[in-house]
Amino acid sequence: MSRYYVNNNAQSNGDHEVHKEGCFYLQFVISKKDLGYHTTCESAVREAKETYATADGCKTCSEECHNS
């Protein structure tokens, strides 16, 4: 299982990116919500969508959940 976070600040396209702990880009996220541990990025994104309807997986660390 991996720990996931969602960026509280939307990207320019409106998406709130979901990152896996250890992702290179997570260090640049100033404000994030801890989504806890998940077996897949799909369940992490599903949980993030409860807060942000536009949540999407990071292309780098959660590529299989990245839709844009």
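Above this text is the structure in question.
Residues numbered from 1 in each chain as written. Predicted model: local features only at pLDDT ≥ 70, side-chain atom pairs only at ≥ 80, totals over all residues. Heavy atoms only, no water.

Here we come to the overall build of the protein. Scanning the protein from terminus to terminus reveals one helix and four strands. Taking 11 Å as the expected radius of gyration for a compact globule of 68 residues, we find that the protein reaches 10 Å, a close match to that expectation. A principal-axis box enclosing the C-alpha atoms of the protein has dimensions of 30 × 20 × 20 Å. Looking at the protein residue by residue over its 68 residues, the buried ones come to 41%. A separation threshold of at least 6 residues defines the contact pool for the protein, and within that pool the share at least 24 residues apart is 54%. Total accessible area on the protein is roughly 4100 Å²; 47% of this is exposed by carbon and sulfur atoms. Distance from the positive charge centre (7 side chains) to the negative charge centre (10 side chains) of the protein: 2 Å. (Helix = DSSP H or I, 4+ residues; strand = E, 2+ residues; numbered from the N terminus. Rg over C-alpha atoms; globule rule 2.2 N^0.38 Å. Buried < 20%, exposed > 50% of the residue type's maximum accessible area, 1.4 Å probe, protein only. Contact = heavy atoms within 4.5 Å. Areas by Shrake-Rupley, 256 points an atom, 1.4 Å probe, with all protein chains shown as cover. Lys, Arg positive; Asp, Glu negative; His and termini not counted. Charge placed at Lys NZ, Arg CZ, Asp CG, Glu CD.)

Looking now at the nonpolar core. If you look at the biggest cluster of nonpolar residues, it comprises eleven residues: Tyr4, Val6, Val18, Leu35, Cys41, Ala44, Val45, Ala48, Tyr52, Ala55 and Cys65. Counting only elements with at least two residues in this core, the list comes to strand S1 (2–7) and helix H1 (41–48). Per element, the largest residue contribution to this core is four residues, and it comes from H1. When neighbours within four sequence positions are excluded, Val45 is seen to be in contact with Val18, Ala55, Asp56, Gly57 and Cys65. Core analysis: the next-biggest nonpolar cluster, separate from the first, contains six residues, Leu26, Val29, Cys58 and Cys61 among them. (Core = buried A, V, L, I, M, F, W, Y, C linked by side-chain atoms within 4.5 Å.)

Another point: the state of the cysteines. Under the defined criterion, the tally for this structure stands at one disulfide. Between Cys41 and Cys65 runs a disulfide, and the two sulfur atoms are separated by 2.0 Å. Around the S-S axis, the bridge from Cys41 to Cys65 shows a dihedral of about 85° and counts as right-handed. Here Cys65 lies in the segment after strand S4 (55–57) and Cys41 lies in helix H1, a separation of 24 residues in the sequence. Both residues of the pair, Cys41 and Cys65, belong to the buried class. Cys61 supplies the cysteine sulfur nearest to Cys23, a cysteine that is in no disulfide, at a spacing of 3.5 Å. Note on Cys58: no disulfide assigned, nearest cysteine sulfur contributed by Cys61 at a separation of 3.8 Å. On the accessibility criterion, Cys58 (2% relative accessible area) is buried. (Disulfide = S-S within 2.5 Å.)

Bear in mind that shape data such as this cannot, by itself, settle questions of function.
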